[in-house]
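Structural characterization, general
Listed here are the chains, written in short residue letters.
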Amino acid sequence: MQISEEQRAAFRTCARKFTGIDHPVYSKFDRDPLEPIIGLGDTDSRICFFGRDPGTDEVRHATPFIGAGGQKIRSALYRYLHRCDMPDFEASMEVGKLFFWANTVPYKPIGNKAWSMKVKRNCHHLMADVLLKNWRGSDIIVLGREAFFWFGIGRSRQERAALDEFWRRGDRYAAMIEVDLASKNDARKFRLHPLPHPSPLNATWYKRFPELLTQRLEQLDVRPSNLKLSAV
């Protein structure tokens, strides 16, 4: 599944309006800094992984969730589905095709720092449109605080307060919260299943991430035979 030319053009127009894209990294790998890095996947995938933004490896391969943090996710997915260690990089690419992937902002920021709220707001309706148009699922495994609170952008004070309250819960990495998401022409509910960001810099949670992801997959009854909505 690919974004439409209309969606692609809208992202490129949006990206021209803000500063902070890591142009040297894009130049290093001969990549267009205006081209959004959106992983997508099968429109019928039951599960979406939603993170913050691409890094250097993601620019290099023009694929999100492929660097150190992404490999942590893909390795855990491979082991969960196949009951053995992931053999190589190509296997990590293949297992990723079974799920849907997206980020708050599909461009690498300078210094890998989180994008400003202004940038996230500017791109919000475009990424919301991707989730609503290009994916039919409802269960999103959200990676980290920045990605989680993206779902509060443009929402009412009451809705943002509900997200704040949920994030303060000690069991937030085992619990679920339902949210509404809307774009110009569509709206529906999603179920958010937060996990910590899988970055190696996240010392508190990095070693526990495979365990927590496995727990989420078990909660969602993810099996090789039901990875698509049509199989449920």
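Before any of the text, the structure's been laid out above.
So, a few notes on the structure that sits alongside this text. (Residues numbered from 1 in each chain as written. Predicted model: local features only at pLDDT ≥ 70, side-chain atom pairs only at ≥ 80, totals over all residues. Heavy atoms only, no water.)

Overview of the side chain of Ser92
Inclusion rule: A run of H or I in DSSP becomes a helix once it reaches four residues, and a run of E becomes a strand once it reaches two; helices and strands are each numbered from the N terminus. In protein, a polar contact requires one atom able to donate a hydrogen and another able to accept it; more generally it is a pair of N or O atoms within 3.5 Å, and residues adjacent in sequence count only if both atoms are side-chain atoms.
The residue Ser92 is located in helix α5 (residues 89–96) in this model. Separated by 2.5 Å, the side chain of Ser92 and the backbone oxygen of Phe89 make a polar contact.

Some details on the sheet that holds strand β4 (residues 177–182)
Defined as follows: Pairs of strands are assigned from DSSP output, requiring at least two bridges between the strands. For helices, the fitted line uses only the C-alpha atoms of the stretch in contact; every axis is such a line through C-alpha atoms, and the angle between N-to-C directions lies from 0 to 180 degrees. The contact criterion used is simple: two residues touch if any of their non-hydrogen atoms lie within 4.5 Å.
The mixed open sheet is built from 5 strands, whose spatial order is β2-β1-β3-β5-β4. In this open sheet, the two strands that pair with only one neighbour each are β2 (100–103) and β4. Each adjacent strand pair in this sheet contributes to an overall mean axis angle of 35 degrees, direction not counted. Taken together, the 4 bridges between strand β1 (residues 47–51) and β2 define a ladder with parallel strand orientation. Counted as the bridge partner of Phe50 is Ala102 from β2. Of the strands in this sheet, β1, β2, β3 (139–143), β4 and β5 (187–195) are in contact with helix α6 (residues 117–133), which crosses β4 at around 110 degrees. On top of the sheet, helix α9 (residues 209–219) reaches β1, β3 and β5; it is set at about 140 degrees to β5, its chief contact.

Some thoughts on the pattern of salt bridges
Stated formally: We count a salt bridge whenever a side-chain nitrogen from Lys or Arg sits within 4 Å of a carboxyl oxygen from Asp or Glu. Classification of residues uses two cut-offs on accessible area relative to the type maximum, computed with a 1.4 Å probe and protein chains only: under 20% is buried, over 50% is exposed, and between them is partly exposed.
Under the definition given, this model contains 18 salt bridges. The residue Glu35 makes a salt bridge to Arg12 at a minimum N-O spacing of 3.0 Å. Of this pair, Glu35 sits in the loop between α2 (23–28) and β1 while Arg12 sits in helix α1 (residues 5–15); the two residues are 23 residues apart in sequence, bridging distant segments of the chain. Glu146 is the salt-bridge partner of Lys120, the closest N and O atoms lying 2.6 Å from each other. Separated by 26 residues along the polypeptide, Lys120 in helix α6 and Glu146 in helix α7 (residues 145–149) bring together distant segments of the chain. Given a relative accessible area of 28%, Glu146 falls into the partly exposed group. Among the charged side chains, a salt-bridge network with shared partners connects Glu5, Arg8, Arg12, Asp32 and Glu35.

So far we have only geometry, and geometry alone does not tell us how the molecule works.
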